[in-house]
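The primary structure of each chain is shown beneath.
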Amino acid sequence: MRAAMARKPRMLRVIGALLWKDLLSELRGRALLAALVVFALLTVVVFNYALDLERTVRASVGAGVLWVTIVFTATLALNRVFAAEREHALHEGLLLAPVERLAIYFGKLLSGFLFVLLVAVVVVPVFALLYDLPVARPLNLAVLLLGTLGYLLPGTLLAALAAHARAREVLLPVLLFPVAMPVILSAVRASQEVLAGSAWVRIAPAFNLLVASDIIFLALAVLLFDQLVDA
Amino acid sequence: MIDVRGVEQSYAGKPVLRGVDLQVAAGEFVALFGANGAGKTTLLRMLATLARPARGRVVLGGFDLAVDPQALRAVVGFVGHHTMLYPELTAFENLQFYASLYGVEPARARCDALLEQVGLQRQRAERVRYFSRGMQQRLAIARAILHSPRVLLLDEPHSGLDQIAAAQLDALLHAEAASGRSVLLVTHDVQRGIALADRVLGLDRGRVVLERAAGAVSATELAELYAGGNGA
Amino acid sequence: MQRNVGLQILSVGSGLLLLAALYLVFVYAPLEAVMGAVQRVFYFHVAAGWVGALAFLVAFVAGLLHLRRGSLLADRVALCSSEIGLVFISMNIVSGAIWARPIWNTWWTWDPRLTTATISWLLYAAYLLLRQGIEDPQRRGRFAAVYGVIAFASVPLTFAAIRIFRSIHPVVIGAGAPGAKGSFDMTPAMRDTLLFSLLAFTVLYGALLWHRLRLERLSERVAQLRLRILQA
């Protein structure tokens, strides 16, 4: 038997492997994605009836509906991404390996991001149709990406943290919503302005704050994730 | 190869390990016995870097857990209560995934060789969710020795296996020990442990209380070991 | 149990300071011309908000210390200070609502300060829930500290985010927004009353923290003793 050399693998390759594994499992199991899409569509439709959408307020209310949908979907995805691993103690398989703990964080972050994006690809066009809003504006797409990322950055960290606690499925949103408040608020605000066709001066404060929040949560995750791993 | 000194650990305020010393030489096969709650699993998980010792030193393959845990991880293979296999991935994909975590090169050749070795070459492209418990356990062993670790840690690998599957696993473990790996096996199955091991250790309430060559251990000693745990 | 003289002095001292502060608020401070008696809520409202913020700051620093050094005392301080902060923020929010009813004509508005106080309340309530959900004390301390750091960092961001919407909260100290409703100019007597209230509340915070820390230490000791009896 030839001895295989165990080199220290590069971080990007590990992140890629984690992403590939999550995606493949998901596409074969189809447990999560289909449910998420249906759930997100339901949210969009229910709000359509729950709120009286006049032309004048459609941009501001619509942006809120869009973000509530994304936040709910992302929370479910986070819970699921971590719960699936726990069922077979698969997270321990990751921790056993000589990989940077941060690579595991980024792998999970990107998996969650990819799942939410896949759902968004279906749901956002439907939303645009039902609410008659110009969601495809490049700036709005940038807000969608940055906002989703901004929610998942602390979300992934807190999901790893809640995974060890009792009642973790309920605990995650309780922990995450108040922390992610700046991201949600600035993303909603930025979307409102973009959808209403405002000039950049009116969009800029919320947009810049969104970028700043993303950077701060990224820095915190990089600094703190090691603390969540036992050894 | 394994050098553990004065390791202490507690969980939720309860002491689990109270000063464990343990040495395993290169190529040696050691079986670890003990009643439920003696601390066997905790000790093994600590060696596998899944738990931190509150006190004491853990050195595996020359690497200190407190100093260089990453280097230590690279020389340890671990089979725990769970197989740590992804049910939706095939046998080959599972190995391939772990190969990239461990940086094993060339991955394809190594994964194929291992599937051959554990007798799963025919099921290479089948999803693990359809595997029997015995097949999953053999694949879990393949996963654990993928990166040719110098130390192999096994926690009750025979649990849930039928006679035939257990015998297949025994043959596999024999071959592993013969190839120069140090093996530490935690088991309830005293007969099997004695048959496989060179040396036998007994753990009781967080301390090593028994140490014998596998041939020299008596039935009375073992009975006492398990009775001691029940009395706690 | 030995008597703790320092703690007794601090407890009695904070009680006397509070009585004096009550005298200043209701007798010494002049009646505000426009708002009338309800303005007297202001002194304790600000003092409670200040102690809430101070308590969260202390919890944050203690959390960082715990992550750095693994100090158990720091973890205890983080827990106790968060609890006290939660109580004082609640007082701040409720007293604010009592004042807002006649002045703003509503119990509640989604103003930056109000919303930030509410989000802080939610954050530290979540912090305490998290602590309850984790059994192992080492992990509990570490995870809680991580959450404490993230929570503390997100509060100013939340404040900035809500600022993008308009504010009607008066800024009595420093320059206020021109549209603020319920603003007033402080007379020297009012200023002195406010400063004294801040002092009294800060001393009260110190006394409460000390009591709470002592209680925590005692309850840990009880848990240890219970364990020892169970294991004997």
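Just so it is clear, the structure is predicted and the values come from calculations on it, not from any experiment.

Definitions and cut-offs
- Residues numbered from 1 in each chain as written.
- Chains lettered and ligands numbered in written order.
- Predicted model: local features only at pLDDT ≥ 70, side-chain atom pairs only at ≥ 80, totals over all residues.
- Heavy atoms only, no water.
- Buried < 20%, exposed > 50% of the residue type's maximum accessible area, 1.4 Å probe, protein only.
- Helix = DSSP H or I, 4+ residues; strand = E, 2+ residues; numbered from the N terminus.
- Pairing = 2+ DSSP bridges.
- Domains from an automatic or database assignment.
- Contact = heavy atoms within 4.5 Å.
- Buried area = accessible area lost by both parts, 1.4 Å probe.
- Salt bridge = Lys/Arg side-chain N within 4 Å of Asp/Glu carboxyl O.
- Core = buried A, V, L, I, M, F, W, Y, C linked by side-chain atoms within 4.5 Å.
- 1 Å grid on protein atoms, 1.4 Å probe; cavity = no way out; pocket = protein on both sides within 12 Å on 5 of 7 lines; lining within 4 Å.
- Points joined across faces, edges and corners; volume = space filled by probe spheres on them.
- Nonpolar A, V, L, I, M, F, W, Y, C, P; charged D, E, K, R; others polar.
- Axes fitted to C-alpha atoms, helices over the stretch in contact; angles between N-to-C directions.
- Parallel < 35°, antiparallel > 145°, perpendicular 65-115°, else oblique.
- Left-handed = near helix turned anticlockwise from the far one by under 90°.

1. Section: the pairing of strand S6 (residues 76-79) of chain B
Residues in a regular strand project their side chains so that they alternate between the two faces of the sheet. Residue and element names in this part refer to chain B. Side chains Val76 and Phe78 project from S6 onto one buried face, and the interleaved Gly77 and Val79 project onto a second face that is buried too. In terms of strand pairing, S6 meets strand S8 (residues 151-155) through four bridges, oriented parallel. Looking at the pairing, valine 79 lines up with leucine 154 of S8.

2. Section: the domain arrangement of chain B
Residue and element names in this part refer to chain B. Assigned domains of chain B: these are domain 1 (1-75 + 149-156 + 180-232) and domain 2 (80-148). Counting from both sides, the interface comprises ten residues of domain 1 and, opposite them, nine residues of domain 2. Roughly 730 Å² of surface becomes buried between domain 1 and domain 2 when both sides are summed, with 60% attributable to carbon and sulfur atoms. At the junction of domain 1 and domain 2, the tally comes to zero salt bridges.

3. Side note on the side chain of Thr83(B)
Secondary-structure assignment places Thr83(B) in the loop between S6 and helix H3 (91-102). What Thr83(B) contacts, discounting residues up to four positions off in sequence, is Arg133(B), Gln136(B), Gln137(B), Ala140(B) and Arg143(B).

4. Some remarks on the sheet that holds strand S4 (residues 55-60) of chain B
All names here are of chain B. An order of S2-S1-S4-S5 is seen for the four strands of this open sheet, with the pairing classed as antiparallel. The sheet is open, and its two borders are formed by strand S2 (14-24) and strand S5 (63-64), each paired with just one other strand. Here strand S1 (residues 2-11) pairs with S4 via five bridges, running antiparallel. Within S4, the position partnered with arginine 5 by the bridge is arginine 57.

5. Focus on the nonpolar core
Among the nonpolar cores identified, the biggest contains 210 residues, and Leu47(B), Leu139(B), Leu153(B) and Tyr147(C) are the most heavily contacted of them. Taken domain by domain, this core gets at least three of its residues from each of domain 1 (1-75 + 149-156 + 180-232) and domain 2 (80-148) of chain B. Aside from chain neighbours lying at most four places away, what touches Tyr147(C) is Leu158(A), Leu161(A), Val174(A), Leu175(A), Pro178(A), Val179(A), Leu123(C), Ala126(C), Tyr127(C) and Leu130(C).

6. Examining empty space enclosed by the protein
Residues and elements named next belong to chain A. Scanning the model with the defined rule gives four cavities of 30 Å³ or more in all. The volume enclosed by the largest cavity comes to roughly 70 Å³. Lining the largest cavity are Ala40, Leu66, Thr69, Ile70, Thr73, Val116, Val119, Ala120, Val123 and Val124. Here the element with the most residues in the lining of the largest cavity is helix H5 (residues 101-131); it accounts for five residues. Here the lining of the largest cavity is built from residues that sort into eight nonpolar, two polar and no charged.

7. Structural notes on the sheet that holds S6(B)
All names here are of chain B. Reading across the sheet, the six strands line up as S6-S8-S9-S3-S10-S11 and stay open at both edges, with mixed pairing between neighbours. The two strands at the open ends of the sheet, each matched to only one other strand, are S6 and strand S11 (207-213). Strand-to-strand twist in this sheet, taken as the mean axis angle between neighbours without regard to direction, amounts to 15 degrees. In this structure, S8 lies alongside strand S9 (residues 182-186), joined through five bridges in parallel fashion.

8. So, the interface of chain B and chain C
Taken together, the contact between chain B and chain C spans eight residues of the former and seven residues of the latter. For the chain B and chain C pair, buried surface summed over both sides reaches about 580 Å², with 50% attributable to carbon and sulfur atoms. Scanning the region where chain B abuts chain C turns up zero salt bridges. Where the side of chain B that touches chain C is concerned, the elements lending two or more residues are S1 and S2 of chain B. Among the residues making up the side of chain B that touches chain C, the classes are represented as three nonpolar, two polar and three charged.

9. Focus on the environment of Ala180(A)
All names here are of chain A. Note on placement: alanine 180 falls in the loop between helix H7 (168-179) and helix H8 (181-195). Overall, the relative accessible area of 0% leaves alanine 180 in the buried class. Taking C-alpha positions, alanine 180 is 21 Å from phenylalanine 39, a pair spaced 141 residues apart along the chain.

10. Notes on the packing of helix H5 (residues 133-144) of chain B against helix H6 (residues 163-178) of chain B
All names here are of chain B. Two numbers describe how H5 lies on H6: the axes approach to 10 Å, and their chain directions differ by 15 degrees. When the axes of H5 and H6 are compared, the pair comes out roughly parallel. Crossing of H5 over H6 shows right-handed handedness. Side by side, H5 and H6 meet where Gly134, Gln137, Arg138 and Ile141 of the first sit next to Ala165, Gln168, Leu169, Leu172 and Leu173 of the second. For the contact of H5 with H6, the class distribution of residues is five nonpolar, three polar and one charged.

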